[in-house]
Amino acid sequence: MNERTERLRQESLDAVPCISSERAELMTGFYEENHGKYATPVMRALAFEHLCRHKSLWLGDDELIVGERGPAPKATPTYPELTCHSLEDLRILNSRAKTWYRVPEQVISAYEKTVIPYWRGRTLRDRMFNLLPEQWQNSYDAGVFTEFMEQRAPGHTVLDGKIYSKGFIDFKADINQSRANLDFTTDINALDKAEQLNAMDISCDALMLYAQRYAELAEARAEAAATEKRRLELLQIAEICRRVPAHAPRNMWEALQYYWFCHIGVISELNGWDAFNPGHLDQHLLPFYEKDMAVSTLTENGARELLECFFVKFNNHPAPPKVGVTAAESGTYTDFANINLGGLLHDGSDGSNEITHLLLDIIDEMHLLQPSSNMQLSRKTPDNILDHTLRVVRKGYGFPSIFNADAVVEEQVRQGKTFADARAGGCSGCVEVGAFGKEAYILTGYFNLVKILELSLNDGIDPVTRTRLGPRTGTAANFETFDEFFAALNEQLKYQVDIKIRGNQIIEQLYAADMPAPFLSVLIDDCIVTARDYNEGGARYNNSFIQAVGIGSITDSLAAIKRLVFDDHTMQLNELVAILAGNFTGQDVLRQRLLHRMPKYGNDIEEADELMVRVFEAGFAAIDGRPNSKGGAYRIEMLPTTCHIYFGSVCGATPDGRNAGLPLSEGISPVQGADRNGPTAVLKSAAKMDHVRTGGTLLNMKFTPELLAGDEGINRLGQLVRSYFKMDGHHLQFNVVTAKQLRAAQAAPGEYRDLIVRVAGYSDYFCDLSEALQEEIITRTEHQGF
Amino acid sequence: MLAFSQPLKASGIIFNVQRFCIEDGPGIRTTVFFKGCPLRCPWCHNPEGISAAPQIVLSKTRCMNCGSCIEACSTCAGDHTLENCARCGLCAEVCPTGAREMVGRTWTVDEVRSMVLRDRIFYDSAEGGVTFSGGEPLCQPDFLIACLQACRSEGVHTTLDTCGFGARDKLLHAAELTDLVLFDLKILDSDGHLRHLGAPLEPILENLDALIGQQQRIWLRLPVIPGLTDTDQNLASVLELASGASCIEKICLLPYHETGVSKHLNINKNYDLNLVSPPSDQRMREIAAQLSDAASEVVIGG
């Protein structure tokens, strides 16, 4: 970092997340005046235009890339047309202990006087909850599943390379062409389509207007600039803002600024999930970088500075605040913009380049919370790229995460995408797979596998809320064989998936009808050509995901049931259910036996892993290929974000020895501490799932810095990654722990049982070591490697 | 023909198979620990590998005092010192936390082979593979040779970690099936060796000579035990021994560590080295420098 980017970074870190009511007030005013005058898509586009015309502009003292969603860094707007925060919600946001947002008095008063009176009863969320059936509500309240779209719009998508060769004037020409192709004599939907295209057209003008306002602001600031250097910079910013997004960019600075305008457009139009994302940034920027370097208008340091300014912009934008269950399922400021590195080109060749290294350096040096980053590692990706990635991973930030680019392509081709579109795709959010610039791939909600287990053990009744949620599939006393019991589990699973999908269809259709996203639709193929909105199935590909949570916990629970009840006949299933209902009170010996002496997923043991595969296949069969309401299909994903905590809190004690209310296993990772055979066994177990048929899986692993020390450590980690990917694993993420965490492990060893440390000449589980040796290692960790 | 196709010894006693071993040879390895050892190194960090027979190990920190073991015990009820233990193993079977463990059981060659092959995909790069260690693998020589044959026939890189004390013909036979030998040296003075380790030095040195004569790839490993193996005289002997043998590729200096302390407690043995402290980094670097002429590579650690 240079002096400028150091300062910008610090300002971003110091900026206080707060709520701005500017957007809410502008929307309220616009809707009050115009509601009922226009077709819905046009209304949305004009509202967006109103925002671009009137929102206050921020141009920081040192900035080279301009544009903020709110009036200042980390000032976060709200989206009352989707969900209108109550005064109580705002107070909670202001005062909650974690991920708080400061709420100024002025915001409270604007909400009280203007925003709430208009939107109460009119928000999409109000309408949604009125339409969702009681059955859905019951399952939702019990924590069988969550719903992504109740407070935030579908988004989850990523941009491809189209903006680097086309300006918005070109997109307007495409829109005009599509309008010209409409045939009102034969097409009964021609008017709807025309209105969609009108809306997209207005959205293009809106963003160009926004850029124009920045050009004017920069020029005005230039006159008063403190230094000649800054004056020239501001004039250049003005020139760039007149060039993009109207026209295609000519150099790297214009390219970055162009993307950033699009980013602001998408995240201002609606509060779509996972913000927005430039996708394969290294691939997109390479031609500009090479050209700029060749004509000496840019140096490597200059490129670095621009990229660092660009990164700071992401960090200035915390996730729009949620309330209630949605906050619990994803309690973080991160908005999941996840930059892809490496990967493949459209022809299948290696996509990594010198900007990949530049970006890895920047990720390492800046280590900002946002943007997230990931390496798309193909078998064609050179080892030096993997080495560089792992050297950053070793720092312990937990990023970049690493994806199997070849599996990511296979997963998409299975879903019917072309190879070229699949290769131009990648991963976004946490681990979701999509065809960048051409797909609406929507996470619809987390799905609680352990709650399904509870329903099957209790004849369809949730033991925690004591509500009947599922069909009568038999009481615990009645199952003669494990297969009979598993059949009941499968029936409960299918029943709840049906409830979830029925709700999803209602929500998808609501968004299609009432909450189109004309600006986003301009950017995603083939919305312009088909004259259909992104939320209505206008994208070339449309996949909806249901994300299963707790596969480790349910597997270990089933393994214990199978062993104790059906194989060894040590106890009756109804006895076990009674003990679970009592949360193991007075049953500590049994609980210890369940924790330590049963087969566990994550150890490369068939007895447990087979059950994991069986549960996965049941989930896959219940979900995959079911039609969504946009012409696409449902897919299964295996990722939790932080939902394993929430789902755990609504589940009683489980047969794997877990006490009521404690977290479930996360992602496809083993139950915390249940993996005892080392990292290779974990990877082997996890790879027994058929990742290629999912829409993404998430595997976390934890290492001490010492294990990864030196070139040897990097090589070893590289071998682990490459081997996992040879087995078609989808994603790996590493925690590299510190002495502080080792202290925490000493204080709560039960939560750290899988922590591997280097001892001397071999590795061992930290919690198995004598206290004296633990002390010794902690001291060593702080001062030296092994 | 039949005689050749039959396994030499189809089973043996193993006390641990550890996956993802990274200091027992190159790459990612699976280490198979054979039970039984002819030496009595006081610093031993695997004391549960010394006795040839299976035995009960108790980790007191994991014990919840539930009494299940006492109830289940066939002979030494209520006695937790393990001295009267008949090694029936019933207590380990019922122990809910796994604090009591029966260490060592009979493995067939096929079991060893299939366990080793479980991590085959991780061996491929950087010549990872299997390491046979212990205890001392040469204490079960026919079983060792059968395991080596089985792994080699699968194309897995094989390493033998030995103290060098064992029948020469068996060692040489094993070495033929071994890609790399990790040969442990300790005290290179006859009296000292016999006094501290409980076995004579000479057969070990003769075995090393024989391996060198066969041009076997060797990494010498020297545990650095302050005052015992790091004396000037001992280091000079190592230097003399290693110099000139081109098949000795590397010398690994293994700094003394205190892992053995709790493990001795777990099997209720006394630990005689309580006064020794691990060598400092500085000291390790000095020793490495002293031995730098002994082999093309001298490293600290495995």
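This write-up is about the structure you can find in this document. (Residues numbered from 1 in each chain as written. Chains lettered and ligands numbered in written order. Predicted model: local features only at pLDDT ≥ 70, side-chain atom pairs only at ≥ 80, totals over all residues. Heavy atoms only, no water.)

**Considerations on the overall build of chain B**
Secondary structure assignment for chain B yields twelve helices and eleven strands. The globule rule puts the C-alpha radius of gyration for 302 residues at 19 Å, and the 20 Å found for chain B is close to it. Across its three principal axes, chain B shows a C-alpha extent of roughly 60 × 55 × 35 Å. Here chain B holds 302 residues, and the buried ones make up 53% of them. For chain B, the share of sequence-separated contacts (at least 6 apart) that also reach a separation of at least 24 residues comes to 72%. Chain B carries 25 positive and 36 negative side-chain charges, and their two centres are separated by 6 Å. (Helix = DSSP H or I, 4+ residues; strand = E, 2+ residues; numbered from the N terminus. Rg over C-alpha atoms; globule rule 2.2 N^0.38 Å. Buried < 20%, exposed > 50% of the residue type's maximum accessible area, 1.4 Å probe, protein only. Contact = heavy atoms within 4.5 Å. Lys, Arg positive; Asp, Glu negative; His and termini not counted. Charge placed at Lys NZ, Arg CZ, Asp CG, Glu CD.)

**Concerning the interface of chain A and chain B**
Between chain A and chain B, the contact holds 35 residues from the first and 30 residues from the second. Carbon and sulfur atoms supply 56% of the area buried between chain A and chain B, which totals about 2,800 Å² over both sides. Ranking the residues of chain A by area buried against chain B places Arg597(A), Thr680(A) and Gln719(A) at the top, with a combined share of 20%. The interface formed by chain A and chain B holds four salt bridges in total. The partner of Lys726(A) in a salt bridge is Asp124(B), with the nearest N and O atoms 3.6 Å apart. Elements with a minimum of two residues in the side of chain A that touches chain B: helix 25 (588–596), helix 28 (679–687) and helix 29 (710–726) of chain A. (Buried area = accessible area lost by both parts, 1.4 Å probe. Salt bridge = Lys/Arg side-chain N within 4 Å of Asp/Glu carboxyl O.)

**As for the sheet that holds strand 6 (residues 129–134) of chain B**
The strands making up a sheet associate through backbone hydrogen bonding, with each pair oriented either parallel or antiparallel. All names here are of chain B. A sheet is described by the order of its strands in space; here nine strands give the open sequence 5-1-2-6-7-8-9-10-11, paired in mixed fashion. Looking at strand neighbours, the two that pair on one side only are strand 5 (105–108) and strand 11 (297–300), the edges of this open sheet. Taking each pair of neighbouring strands and ignoring which way they run, the sheet shows an average axis angle of 30°. Relative to strand 10 (residues 248–255), helix 12 (residues 281–290) is tilted by about 160°, and along the sheet it contacts strand 9 (218–224), strand 10 and strand 11. (Pairing = 2+ DSSP bridges. Axes fitted to C-alpha atoms, helices over the stretch in contact; angles between N-to-C directions.)

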